[in-house]
Amino acid sequence: MPAQLISGREISATIRDEIKERVDGLRERTGRVPGLATVLVGEDPASQLYVGMKGKAAKAAGIHSEQIILPADTPEDEVLGVVEGLNANPDIHGILVQLPLPDQIDDQKVLLAIDPKKDVDGFHPVNVGKLSTGSRDVLAPCTPWGVVQMLLRTGNDPRGQHVVVVGRSNIVGRPMASLLLRRGEGGDATVTVAHSRTPDLGAVTRTADILIVAVGRPGTVTADMVKPGAVVIDVGTNRVDAPERERGYRVVGDVDFEAVSEVASWITPVPGGVGPMTITMLLSNTVDAFEAAEGTP
Ligand code: NDP
């Protein structure tokens, strides 16, 4: 029987409705709303698009949104000054600096300058450290945090399950493993992390009750690498040539979707799977940051 689809679009829409309700409630009780600032340096079209999408999504949820767009040749000091200003701004609860930054700016320096309480991307070493030591009082990186929501909201609680994560990046693989290892809701899994130096990847992935793939290479996981009945989450987002399409490409994941659908019990599509969850969890983190800063009225 083909696997059931885990629709990131649907889950995302539900969570965004919940976020809007939370924001409406906060506005009624406090007269204030959470604020999200995005900082973009330069004119990279993809970054402009992402920043625009984030601002639009924030506004739709009732979140105050500010976009700071600086010229590509802005000196590092000036960017750090903007971050300091946002750290001190009581109307801003979440700060996101769109990466990559131009060459004259040290990404790490800028990341370190963000107040960890406003680090809604969850990339500041304070948040990384808290998450990897099992804290629940932390802003978690949006993509893996979205994956946890997808599992919970489809009844695929990772508690007690063997989860194999393929990929060990700081953005997806590592925080994914940390989230699943935490005690309590959305965690309590037995976690194995595989990567490019893992010999016989299939032997590892076949042991997974839940398989999460974040590699960035189409066709990394084929049907023979999946245990029958496993839940498969495909984080991969890859452009492949599609001359028949007007734009010349299509987006695929890391998993051989058609074949794996015949083996898995649940599977995420690409597009429409994990992708839509990332901005949603950014909004969720912004509301969490507001509540942590102002108390839950
Ligand atoms: P990285 O390139 O930073 O990391 C890829 C990981 O995959 C590395 O740990 C690498 O291992 C591992 N890897 C590479 N080749 C293999 C292989 N043949 N077998 C097993 N492991 C392998 O990528 P990201 O984590 O940033 O992103 C992964 C994918 O997820 C990309 O397609 C990206 O576009 C997508 N993505 C989607 C998001 C969304 O939907 N919102 C958000 C973020 C990412 P090693 O460490 O040994 O090099």
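Residues numbered from 1 in each chain as written. Predicted model: local features only at pLDDT ≥ 70, side-chain atom pairs only at ≥ 80, totals over all residues. Heavy atoms only, no water.

## What about the sheet that holds strand E3 (residues 64-70)?
Taken together, the 3 strands give an open sheet; going across it, the order is E3-E2-E4, and neighbouring strands pair in parallel fashion. Two strands close off the open sheet at either side, each with one partner strand: E3 and strand E4 (94-97). Pairs of neighbouring strands in the sheet enclose a mean axial angle of 15 degrees, with direction left out of account. Where strand E2 (residues 35-41) lies against E3, 7 bridges are found, and the strand directions are parallel. The partner of Val39 across the bridge, within E3, is Ile68. Helix H3 (residues 76-88) contacts E2, E3 and E4 of the sheet and is inclined by roughly 165 degrees relative to E3. (Pairing = 2+ DSSP bridges. Helix = DSSP H or I, 4+ residues; strand = E, 2+ residues; numbered from the N terminus. Axes fitted to C-alpha atoms, helices over the stretch in contact; angles between N-to-C directions. Contact = heavy atoms within 4.5 Å.)

## Some remarks on the site of the ligand
Near the ligand, the surroundings consist of 19 residues, among which Arg168, Ser169, Ser196, Thr237 and Thr278 are the closest. Between an oxygen atom of the ligand and a side-chain N or O atom of Arg168, the distance comes to 2.7 Å. In the environment of the ligand, a nitrogen atom lies 2.6 Å from a nitrogen or oxygen atom belonging to the side chain of Thr278. Its free accessible area being 930 Å², the ligand has 68% of it covered by the protein chains. Considering only residue class, the shell around the ligand consists of 6 nonpolar, 11 polar and 2 charged. (Near = heavy atom within 4 Å. Polar contact = N/O pair within 3.5 Å; in protein donor to acceptor, adjacent residues only side chain to side chain. Areas by Shrake-Rupley, 256 points an atom, 1.4 Å probe, with all protein chains shown as cover. Nonpolar A, V, L, I, M, F, W, Y, C, P; charged D, E, K, R; others polar.)

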